[in-house]
Amino acid sequence: MEHSSPQRRRSFKIRTRFGAARQWRSRKNPPCDACRRRKTACIIETVPPCRFCQSKGQACKYTNADANEPRYRPRSRDLAESDDPTDSTALDAGGTSPSLLSPELGTEHDTVTLPVSTPSNQPEPVSQSSPAYVLTSPLSDGPTVNTLEDNYNRTAHSIGLAGEQDTDLLAFFRSVITNERDGISADVVQATPGELEATAFPVHFNLLMDEFQPADDLSKSRISDRIEEMAAPHADTLVKLFFKHVHPVYCVVSKVRFLKAYAQDKLKIPASLRGAIYGLASSFWQHDAEVDGALAFDLHKLFESAQSSLQRELHAPNLWAIQACLLLLHERPADNATIETPRTWIFSSRIVACAQMIGLHRDCSTWHLVQEEKKLRNKLWWATYMTDIWSSICHGNPPMIYPTSFTTPLPDINDLAFDEDVPATLHIMVDASNRKLDISTSARFLEMVKLSQILHELIDGYFLDSSYQRTVTAPQHREARLLSIRRDLESWSSMAPNCVTMSYIGNSVFRNNVIAPLNLAYFAVQALLFRALMTVNEFRNFTLFMERITQECLYAFWGGRLDARSQLTLCGNFLIYLFLLAPGPEQVHSAFGPLSSFHSSLQRLREWADDDASLALLRPVALRIDSFFLHAARIMRNGMIGT
């Protein structure tokens, strides 16, 4: 038997002069003067400047130092005893790296500062005042992370309990991953050390360098330029229209955070999010009296460019990407759409996957993050949750999110209200009506979450294959559970704040615009519940709701949302369902009244509709109702009703 020669081990040669690329903790190359004075690691990716000098915008140079200069490396206890947590000997404004377990140190970890670099061909971080990730020794009691989001050119990915690395082990041993060039490719950061007595486990994230194929980077740059060319010269006006018409109805964008970034350098915001905002806002150009001129770009091409950019951005998902996904889902459908395409459901699954990838499904209340980031993560998870459950009813699919798959707690009204008050320096970017917090916007979001939870319980308990088969053989148990859900729905309706109910509408067009989606969602849940209970009388309020929709309300953003089309179709189908199941002449007459009223409302709204978004909202349900009335006479003549 021949023995193959052992595989030759790869070797790496590191040049031993200043300015050469070197890895963290490398002792073969001397540090620059600034890093030597700070007694911290000096990291050079390819050529000077090093990361610290680049972040400070200063010269990176090396002069011969005394060979006998004492070497000092601060230990974790030095950090714990420091009065100033931002002392330059311990932490750097650009961020630090996690501590490593070094063989020569045994079990006690050094804490070494590793500034977060900004490649020379990339723009500076959005906010220089906000710190990058700040880490201390795994054995110390200090905070380990300030932010998972603002580490420029780095993306944090959640490490779950079933991940390739054990979270308990990571609590005591973490190391960076270096590439063939001895550069740092990935790091591990700790969001919370956990607490064994409280059954709280350690939470860690992989912090990856955003290094992608040059072709992808080039493509993203070209797409970004193309989107701005299409939106010019109206980009600023479109942003104003977005926060005037879309945001009050669907507040998933972090308003002040976006406006600050846009004012500083909008190209730092991912092209997908900019494209989504421009595209959704463009629907209101012809309906807003305060704008002049005409939009020249092709809306389909704009959304196509935004989707193409997002496809590449999802190599490194972050909070910007989640916001872009949530908005792009509401791209206007094709003009000939009669039934929602599978794209809606497939796209929703991508949103859920991205949210889980960056850990939005995990309770971050005990993490060492700035409060603003905790609140944004919480809100975006629940926006993802609502997207999942409402998208699922487009085709009756089981939701991808289930109760035991997440621990993110419900937000409170104050959490949702953050980042809504626009500072005076940014007032010019938004309409006067959108500069201050409107608490009703936060209230509607929260009530929509609660309503979505009731819908989720209804689907889980009755409209899944397994639950249907289980309950159909136990009708008393099924009815008891449905009645319990009905009580929950009635309780929600009676206890909802006045600012989210139909009684709040009055004669205000704006209120009608923002109230409509929540009330339509309520009737959709009611329709599903009544479909199981076969009840008609209480659903008459839905036809009243349809009668009160004004022409101005028809043009609001809610009409362009995919869930509005599904909800309206579901309600229309339920009216047909009740009519067809009427057991006798009296019940037939009773069921025909709401159906006829709904049909009349649809005809009135279709006469008003003069834009593609309004037609897209009405067309699917209108075709169903028209088709039913076309065939109803034949059905009745054949005696298929009431028999």
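The preceding data block contains the structure.
Nothing here was measured: the structure is a model prediction, and the numbers come from that model.

### A look at the overall build of the chain
Link 1 in the chain: Scanning the chain from terminus to terminus reveals 22 helices and four strands.
Link 2 in the chain: In the chain, which comprises 643 residues, the share counted as buried stands at 53%.
Link 3 in the chain: A sequence separation of at least 24 residues applies to 72% of the contacts in the chain between residues at least 6 apart.
Link 4 in the chain: For the chain, the accessible surface area stands at approximately 30,200 Å², while carbon and sulfur atoms represent 52% of it.

### Focus on the nonpolar core
Link 1 in the chain: Counting 138 residues, the largest nonpolar core has Phe258, Leu327, Trp390 and Phe542 as its most contacted members.
Link 2 in the chain: Per element, the largest residue contribution to this core is 14 residues, and it comes from helix α17 (residues 509-533).
Link 3 in the chain: Ignoring sequence-local partners within four residues, the contact set of tryptophan 390 consists of Met448, Ser452, Leu455, Ala521, Ala524, Val525, Asp563 and Gln567.
Link 4 in the chain: Within the second largest apolar cluster, ten residues are counted, among which are Val189, Val203, Cys364 and Trp367.

### Brief notes about the sheet that holds strand β2 (residues 177-178)
Link 1 in the chain: Across the sheet, four strands lie side by side as β1-β4-β3-β2; this open sheet has antiparallel pairing. Sheet topology places β1 (154-159) and β2 at the edges, where each strand pairs with a single neighbour.
Link 2 in the chain: Pairing of β1 with strand β4 (residues 203-209) involves six bridges; the strand directions are antiparallel. Residue pairing for β4: arginine 154 is matched across the bridge by methionine 209.

### Focus: the pattern of salt bridges
Link 1 in the chain: Applying the stated criterion across every chain, the model contains 14 salt bridges.
Link 2 in the chain: Two residues, arginine 312 and aspartate 216, come together in a salt bridge whose shortest N-O distance is 3.5 Å. In this pair, arginine 312 sits in helix α9 (residues 299-313) while aspartate 216 sits in helix α5 (residues 214-231), placing the two residues 96 residues apart along the sequence.
Link 3 in the chain: A relative accessible area of 22% means that arginine 312 is categorised as partly exposed.
Link 4 in the chain: A salt bridge links glutamate 331 to arginine 343, with the shortest nitrogen-to-oxygen separation between them at 3.3 Å. Of this pair, glutamate 331 sits in the loop between α10 (319-328) and α11 (342-357) while arginine 343 sits in helix α11, and the two are twelve residues apart along the sequence.
Link 5 in the chain: Of the residues examined, glutamate 331 reaches a relative accessible area of 16% and is grouped as buried.
Link 6 in the chain: Owing to a relative accessible area of 33%, arginine 343 belongs among the partly exposed residues under this scheme.
Link 7 in the chain: Beyond isolated ion pairs, a larger network of salt bridges with shared partners links Lys244, Asp288, Glu290 and Asp431.

### Section: α9
Along an α-helix, residues three or four apart share an orientation, since each turn contains 3.6 residues.
Link 1 in the chain: In this model α9 runs 21 Å from its N-terminal to its C-terminal C-alpha over 15 residues, within 8% of the 21 Å that 1.5 Å per residue would give.
Link 2 in the chain: Within α9, the full set of buried residues consists of Leu299, Leu302, Phe303, Ser305, Ala306, Gln307, Ser309, Leu310 and Glu313.
Link 3 in the chain: Residues of α9 that are buried sit in contact with α5, α8 (271-282), α10 and α11.

### As for the state of the cysteines
Link 1 in the chain: The full count for this structure, using the stated rule, is zero disulfides.
Link 2 in the chain: Left unpaired, cysteine 32 is separated from the closest cysteine sulfur, that of cysteine 35, by 3.7 Å.
Link 3 in the chain: Its relative accessible area of 1% is what places cysteine 32 among the buried residues.
Link 4 in the chain: The class for cysteine 35 is buried, based on a relative accessible area of 0%.

### Description of unusual backbone geometry
Link 1 in the chain: Here the amide bond leading from alanine 232 into proline 233 is cis, since omega sits at 0°, within 30 degrees of zero.
Link 2 in the chain: Along the polypeptide, proline 233 turns up in the loop between α5 and α6 (235-246).

### Things to note about the packing of α10 against helix α12 (residues 371-395)
Angle between the axes and distance between the axes are the two parameters that describe a pair of packed helices.
Link 1 in the chain: Where α10 meets α12, the closest approach of the two axes is 11 Å, and the angle between their N-to-C directions is 30°. What the angle tells us is that α10 and α12 run roughly parallel. As for how α10 packs across α12, the hand of that crossing is left-handed. Contacts between α10 and α12 involve Leu319, Ile322, Gln323 and Leu326 on the former and, on the latter, Glu373, Leu376, Arg377, Leu380, Ala383, Thr384 and Thr387.

### A few points about the packing of aromatic side chains
Link 1 in the chain: Under the definition given, this model contains 26 aromatic pairs.
Link 2 in the chain: Ring plane angle 90° and centroid distance 5.5 Å describe the contact between tryptophan 382 and phenylalanine 406, whose orientation is recorded as edge-to-face. Within this pair, whereas tryptophan 382 is found in helix α12, its partner phenylalanine 406 is found in the loop between α12 and α13 (413-416), the two being separated by 24 residues in sequence. We note that tryptophan 382, like phenylalanine 406, is buried.
Link 3 in the chain: Aromatic side chains phenylalanine 523 and phenylalanine 542 sit 5.7 Å apart centroid to centroid with 65° between the ring planes, which places their arrangement in the edge-to-face category. Note that phenylalanine 523 is positioned in helix α17 and phenylalanine 542 in helix α18 (residues 540-547), a separation of 19 residues in sequence. Assigned by exposure class, phenylalanine 523 and phenylalanine 542 land together as buried.

Cut-off values and rules
- Note on numbering: residues in each chain are counted from 1, in written sequence order.
- In view of the model being predicted, local features appear only for residues whose pLDDT reaches at least 70, and side-chain atom pairs are presented and counted only at 80 or more, with totals across whole chains, interfaces and linings using the full set of residues.
- The side-chain numbers reported here are obtained from all heavy atoms of the structure, hydrogens and water having been left aside.
- Secondary structure follows DSSP: runs of H or I at least 4 residues long count as helices, runs of E at least 2 residues long count as strands, and numbering of each begins at the N terminus.
- Summary of the burial criterion: residues with accessible area below 20% of their type's maximum are buried, those above 50% are exposed, and those between are partly exposed, where the area comes from a 1.4 Å probe applied to protein chains only.
- Whether two residues are in contact is decided by their heavy atoms: any pair within 4.5 Å suffices.
- Areas reported here follow the Shrake-Rupley algorithm with a probe of radius 1.4 Å; residue values treat only the protein chains shown as occluding.
- Among buried residues, those of type Ala, Val, Leu, Ile, Met, Phe, Trp, Tyr and Cys that are joined through side-chain atoms within 4.5 Å constitute a nonpolar core.
- Paired strands are those between which DSSP finds at least two bridges.
- Any Lys or Arg side-chain nitrogen located within 4 Å of an Asp or Glu carboxyl oxygen qualifies as a salt bridge.
- Expected helix span is given by 1.5 Å per residue-to-residue step, counting one fewer step than there are residues.
- Any pair of cysteine sulfurs within 2.5 Å is marked as a disulfide.
- Inter-axis angles, ranging from 0 to 180 degrees, are taken between N-to-C directions of lines fitted to C-alpha atoms, where helices are fitted over the stretch in contact.
- Note on angle classes: values under 35 degrees are labelled roughly parallel, values over 145 roughly antiparallel, values of 65 to 115 roughly perpendicular, and the remainder oblique.
- By convention the crossing between two helices is left-handed if the near helix lies anticlockwise of the far one by an angle smaller than a right angle, and right-handed if it lies clockwise.
- Centre distance within 6.5 Å is the pairing criterion for rings of Phe, Tyr and Trp, where only the six-membered ring of Trp is used; planes under 30 degrees apart are then read as stacked, over 60 as edge-to-face, and the remainder as tilted.

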